[in-house]
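Understanding the architecture of this molecule
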Amino acid sequence: MTNALTAKKLDLYYGDFHALKNVNLAIAPKKITALIGPSGCGKSTLLRVFNRMNELIAGVKITGEVKIFGRTMNKINLLELRKSVGMVFQRPNPFPLTIYDNVIYGLRIHGISKKDILDETAFTSLTSVGLWNDLKDRLKENALKLSGEQQQRLCIARLIALKSDILLMDEPCSALDPIATARIEELMQDLKENYTIVIVTHNMQQAARVSEECGFMLLGELVEFGNTDRIFTAPSDKRTEDYITGRYG
Amino acid sequence: MRISPAITQRLAKGVLILATISALGVLIFVIGFVLAGGFRHISWSFLTEPILDMGRGGGILPAIAGTILMVFVAIGIAAPLGIASSIYLAEYTEEGRVTQTIRFGINCLAGVPSIIFGLFGFILFVVILGFGWSIISGGFSLAAMILPTIIRTSEEALRSVPKNYRDVAASLGATRWQVVTRSVLPYALPGILTGVILGIGRSIEETAVVIFTAGSAVQMPKSLFDSARTMAVHFYILAREGISNENAYATAAILICTILIINVFAYSLMHRLMRGKS
Ligand SMILES: Nc1ncnc2c1ncn2[C@@H]1O[C@H](COP(=O)(O)OP(=O)(O)OP(=O)(O)O)[C@@H](O)[C@H]1O
Ligand SMILES: [Mg+2]
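These lines cover the structure that appears in this document, whether it is placed above or below. This structure is a prediction, so every number in the text was calculated from the model and none was measured.

**Quick look at the overall build of chain A**
- What chain A contains, in helices and strands, is 11 helices and 10 strands.
- The C-alpha atoms of chain A give a radius of gyration of 18 Å, which matches the 18 Å a tight globule of 249 residues would have.
- If one aligns the C-alpha atoms of chain A with their principal axes, the spans along those axes are about 55 × 40 × 35 Å.
- Here chain A, with 249 residues, has 54% of them falling under the buried criterion.
- Across chain A, the fraction of contacts at a sequence separation of at least 24, relative to all contacts at a separation of at least 6, is 67%.
- If you sum the accessible surface of chain A, you get close to 11,100 Å²; carbon and sulfur atoms cover 50% of it.
- Distance from the positive charge centre (32 side chains) to the negative charge centre (29 side chains) of chain A: 5 Å.

**Looking at the sheet that holds strand 10 (residues 221-227) of chain A**
All names here are of chain A.
- Spatially, 6-7-8-3-9-10 is the arrangement adopted by the 6 strands of the open sheet, whose pairing is mixed. For this open sheet the edge positions go to strand 6 (85-88) and strand 10, each flanked by a neighbour on one side alone. Direction aside, neighbouring strands of the sheet carry axes that sit 15 degrees apart on average.
- Relative to strand 9 (residues 213-218), strand 3 (residues 32-36) is paired through 4 bridges, and the arrangement is parallel. Its bridge partner lying in strand 9, Leu35 is registered against Gly215.

**Considerations on helix 5 (residues 114-128) of chain B**
Residues and elements named next belong to chain B.
- Taking 1.5 Å of rise per residue, 15 residues should cover 21 Å, and helix 5 covers 20 Å from first to last C-alpha, within 8% of that figure.
- The largest bend in helix 5 amounts to roughly 30 degrees and is located at Gly121.
- Buried residues of helix 5: Ser114, Phe117, Gly118, Gly121, Phe125 and Val126, and no others.
- A positive phi of about 75 degrees marks Gly130, the residue just after helix 5.

**Re the site of ligand 1**
Residues and elements named next belong to chain A.
- Neighbouring ligand 1 are 13 residues, the closest being Ser39, Gly40, Lys43, Ser44 and Thr45.
- One of the backbone N or O atoms of Cys41 is found 3.2 Å from an oxygen atom in ligand 1.
- Separating an oxygen atom of ligand 1 from a backbone N or O atom of Gly42 is a distance of 3.0 Å.
- Across the complex, the protein chains shield 65% of the 630 Å² of accessible surface that ligand 1 would expose by itself.
- Looking at the shell around ligand 1, the elements with two or more residues in it are strand 2 (17-27) and helix 1 (43-49).
- The leading source of residues in the shell around ligand 1 is helix 1, at 3 residues.
- Classifying every residue of the shell around ligand 1 gives 5 nonpolar, 6 polar and 2 charged.

**Observations regarding the interface of chain B and chain A**
- The partner chain A presents 21 residues to the 18 residues of chain B that form the contact.
- At the boundary of chain B with chain A, total buried surface from both sides reaches about 1,700 Å², with 62% on carbon and sulfur atoms.
- On the chain B side of the interface with chain A, the three residues burying the most area are B:Val168, B:Ser171 and B:Leu172, jointly 34% of the side's total.
- The tally of links between chain B and chain A comes to 0 salt bridges.
- For the pair chain B and chain A, the interface holds 4 residue pairs in polar contact (both at pLDDT 80 or more).
- If you list the elements that add at least two residues to the side of chain B that touches chain A, you get helix 7 (163-171) and helix 8 (176-205) of chain B.
- With 7 residues, helix 7 of chain B is the largest single contributor of residues to the side of chain B that touches chain A.
- Within the side of chain B that touches chain A, the residues separate by chemical class into 7 nonpolar, 7 polar and 4 charged.

**A word on the pattern of salt bridges**
- In this structure the tally under the stated criterion is 18 salt bridges over all chains.
- Between A:Arg239 and A:Asp237 there is a salt bridge whose closest N-O contact spans 3.1 Å.
- Overall, the relative accessible area of 32% leaves A:Arg239 in the partly exposed class.
- One salt bridge in this structure joins B:Arg159 and B:Glu95, with 3.4 Å as the shortest N-O distance. Here the residue B:Arg159 occupies a position in helix 6 (residues 135-159), and B:Glu95 occupies one in the loop between helix 3 (61-92) and helix 4 (97-111), the gap between them amounting to 64 residues.
- The partly exposed category is assigned to B:Arg159, whose relative accessible area is 41%.

**Structural notes on the environment of B:Ile123**
- Relative to the assigned elements, B:Ile123 resides in helix 5.
- When the C-alpha atoms of B:Ile123 and B:Phe212 are compared, they prove to be 9.5 Å apart, with 89 residues separating the residues in sequence.

**Observations concerning the packing of helix 7 (residues 148-161) of chain A against helix 8 (residues 178-191) of chain A**
Residue and element names in this part refer to chain A.
- It is the contact of helix 7 with helix 8, at a shortest axis distance of 10 Å, that shows an interaxial angle of 20 degrees. Taken together, the axes of helix 7 and helix 8 lie roughly parallel to each other. Seen from above, helix 7 lies across helix 8 with right-handed handedness. Of the residues in helix 8, those in contact with Glu149, Gln152, Arg153, Ile156 and Ile160 of helix 7 are Ala180, Arg183, Ile184, Leu187 and Leu191.
- Looking at the contact of helix 7 with helix 8 residue by residue, the class counts come to 6 nonpolar, 1 polar and 3 charged.

The rules behind these values
- Residues numbered from 1 in each chain as written.
- Chains lettered and ligands numbered in written order.
- Predicted model: local features only at pLDDT ≥ 70, side-chain atom pairs only at ≥ 80, totals over all residues.
- Heavy atoms only, no water.
- Helix = DSSP H or I, 4+ residues; strand = E, 2+ residues; numbered from the N terminus.
- Rg over C-alpha atoms; globule rule 2.2 N^0.38 Å.
- Buried < 20%, exposed > 50% of the residue type's maximum accessible area, 1.4 Å probe, protein only.
- Contact = heavy atoms within 4.5 Å.
- Areas by Shrake-Rupley, 256 points an atom, 1.4 Å probe, with all protein chains shown as cover.
- Lys, Arg positive; Asp, Glu negative; His and termini not counted.
- Charge placed at Lys NZ, Arg CZ, Asp CG, Glu CD.
- Pairing = 2+ DSSP bridges.
- Axes fitted to C-alpha atoms, helices over the stretch in contact; angles between N-to-C directions.
- Expected span 1.5 Å × (residues − 1).
- Bend = angle between axes of the 7 residues up to and from the residue.
- Near = heavy atom within 4 Å.
- Polar contact = N/O pair within 3.5 Å; in protein donor to acceptor, adjacent residues only side chain to side chain.
- Nonpolar A, V, L, I, M, F, W, Y, C, P; charged D, E, K, R; others polar.
- Buried area = accessible area lost by both parts, 1.4 Å probe.
- Salt bridge = Lys/Arg side-chain N within 4 Å of Asp/Glu carboxyl O.
- Parallel < 35°, antiparallel > 145°, perpendicular 65-115°, else oblique.
- Left-handed = near helix turned anticlockwise from the far one by under 90°.

Have a look at this one:
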């Protein structure tokens, strides 16, 4: 099976600052892959490479090769790429619009305006993130009234509505309490049937709980990448071991 | 000797209250004075009759028409131009030397006395482009005068929209234009409107620019190429040349009411927009 995401000799500079150093990795489809590492090591930066969000920042330079399902990333139309590689941000960030308008926001952007398609998509997306039953009578309410967990689910539904293939999640639970976190993790397990998920997390238990594969980053380098259980039980690099056992970071 | 914090606190509060009361007091006195002097002379015919005998008699209909037309021309040009420039500055350019220079220039222009815009409009529109003293020349010159204000307030409004609205929309595959129109403009609208309304207010109040570029004809304008006076100019001429104190006050009262009405309307509009969005 082709990998969902691959990077070869990937280097990224913010101006003069070398933020990603010779990163090589292959992310398998329909699995959950976690990226861990101390603050500032480049996890978010790496994640943003995959939907080209770094390009919104002035002075960014990227070299190397990135492929999405075997296709060279830069040859894919940017808007199509963003549609198929969706991002869930750290802070839940629905627009101050109705719940309904939030779910179908992406569809409208991509020119879909038929009411029955929009309604159908709202139903399927909200169902797959487990919000439909709670919210079906409140679709016209402002999304900002929802709890943090519901907002984060709504943001995931927004991507599902677009039929994204890959979900990039940058610390999706760091603004949530433990119970909400556990429920989002459950949702991720459900979603992995159909989606490739890459999650950045500061929480090592979370990485161990949810992911099958795991990458450890340090100072812009991908130090180690592989099966999560192996990384957590028998890391091959001394630096990974130090981090996992809590010796720094 | 050290004064206790409780006393300084009371003192400070007292001084601040006094300052507020006197500021408001002066304002209310001025407005009340004009309105009281003016309302006695306002009648339906004053609003609907032509200006007679240079303003000693008749009404002020031509001045009302002149005001409305000139403000429409000015806003019709300055609002789209200004909003477009602010979108370009805030959304389409990287912050750098060029934008800083442009912004510095705009700030300077915003501080230029209006008479300079009058002179500029006179040379460019009245003489070089040959529009003569006309509503067109006046409107264009007023547009130039309020453009910097509109650009500045709109840009600030755009910049105050949270950055993550842009990021989220972009991450969902929106083009730059979609990001601007769907995820930024709706939230910046109240602020942008504030700038436009400030512009309308300044155009209505302005005298120097209008006298230089639109002249001060008392006849009813028949086209945009006719000379006309605005209410502010009419008031200025009546008062300055001692033509009719009563009619000057009456005009001033109407001017003040117009500004009040515009502000009330604007506030309720903004209120409605804000409530819809957050
Ligand atoms: N826009 C930017 N301009 C310049 N440098 C940046 C920018 N964004 C990030 N960096 C730098 O790149 C490095 C990696 O940042 P990144 O946000 O990817 O780290 P991270 O691993 O996600 O950290 P955290 O765990 O705190 O979120 C940091 O040293 C950071 O200072
Ligand atoms: Mg980060």
